[in-house]
Amino acid sequence: IDLNAARYMYNGFMHENLEIDLEKICFDLQQCVEKLIKSVLSHNGIRFPRTHELELLLDLIDQAHLILHSDVKSLIPLSDYAVEGRYAVIHDDLHDIEKYLLLVEQLREEVQKIFS
């Protein structure tokens, strides 16, 4: 749902049908990545702390010798969008959002294969 919301908002923003802060799109992308990683950890019986920090969660994936696509580490900067109060220090770039959308879609496909 988070990825669909991000894609919908991004498309609306790009076609000037929707006025939205780019940070909201990044927040939804971060939430999607966090949930995907936590689902892989849970599926493999790996306990994880209550955190929004993607780097910490990905470290747990590495420690368990689980493999996710090679670009997953490039999603770590999305952690900055996990808490709304952090937005003031973040500068958005449409190119980055396009890159993140593609990477999150690839991660979702990979995780779906794990569960199928």
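So, here's what we can say about the structure. These numbers were taken from a predicted model, which means no experiment stands behind them. (Residues numbered from 1 in each chain as written. Predicted model: local features only at pLDDT ≥ 70, side-chain atom pairs only at ≥ 80, totals over all residues. Heavy atoms only, no water.)

Turning our attention to the overall build of the protein chain. When its secondary structure is counted, the protein chain shows 4 helices and 0 strands. Along its sequence from the N terminus, the protein chain presents helices and strands in the succession α-α-α-α. For 116 residues, the compact-globule estimate of 2.2 N^0.38 gives 13 Å, and the C-alpha radius of gyration of the protein chain, at 14 Å, lies within 12% of that figure. By principal-axis analysis of the C-alpha atoms, the protein chain measures approximately 45 × 30 × 20 Å. With 116 residues in all, the protein chain has 41% of them scored as buried. Within the protein chain, contacts between residues at least 6 apart in sequence are counted, and of these 59% link residues at least 24 apart. Separation of charge centres in the protein chain, based on 11 positive and 21 negative side chains, amounts to 9 Å. (Helix = DSSP H or I, 4+ residues; strand = E, 2+ residues; numbered from the N terminus. Rg over C-alpha atoms; globule rule 2.2 N^0.38 Å. Buried < 20%, exposed > 50% of the residue type's maximum accessible area, 1.4 Å probe, protein only. Contact = heavy atoms within 4.5 Å. Lys, Arg positive; Asp, Glu negative; His and termini not counted. Charge placed at Lys NZ, Arg CZ, Asp CG, Glu CD.)

As a further point, take helix 1 (residues 2-14). Along its 13 residues, helix 1 runs 18 Å from first to last C-alpha, staying within 8% of the 18 Å computed at 1.5 Å per residue. Taken as a whole, helix 1 has its buried residues at Asp2, Leu3, Ala6, Met9, Tyr10 and Gly12. Tucked into the core, helix 1 has its buried residues touching helix 2 (22-43) and helix 4 (94-115). (Expected span 1.5 Å × (residues − 1).)

Here the focus is the side chain of Gln30. Within the secondary structure, Gln30 is located in helix 2. Assessed through its relative accessible area of 0%, Gln30 is described here as buried. What Gln30 contacts, discounting residues up to four positions off in sequence, is His52, Leu54, Leu78, Ser79 and Ala82.

Of all hydrophobic cores here, the largest spans 33 residues; its most connected members are Leu29, Leu75 and Leu78. Of all elements in the fold, only helix 1, helix 2, helix 3 (54-63) and helix 4 reach the threshold of two or more residues within this core. Of all the elements, helix 2 adds the most residues to this core, at 10 residues. Not counting the four nearest positions on each side in its chain, Leu29 is found in contact with Leu3, Ala6, Leu78, Ile97, Tyr100, Leu101 and Val104. (Core = buried A, V, L, I, M, F, W, Y, C linked by side-chain atoms within 4.5 Å.)

Enumeration according to the criterion identifies 6 salt bridges in this entry. Its salt-bridge partner being Lys24, residue Asp28 comes within 3.0 Å of it at the nearest N-O pair. Note that Asp28 and Lys24 are positioned in helix 2 at a spacing of 4 residues, about one turn of the helix. On the basis of relative accessibility, which here comes to 5%, the residue Asp28 falls in the buried class. Residues Lys73 and Asp62 are paired through a salt bridge, measuring 2.6 Å at the closest nitrogen-oxygen approach. In this pair, Lys73 is assigned in the loop between helix 3 and helix 4 and Asp62 in helix 3, connecting sequence segments 11 residues apart. The class of Asp62 is partly exposed, set by a relative accessible area of 38%. A cluster of three or more residues bridged by salt bridges with shared partners is formed by Asp59, Asp62 and Lys73. (Salt bridge = Lys/Arg side-chain N within 4 Å of Asp/Glu carboxyl O.)

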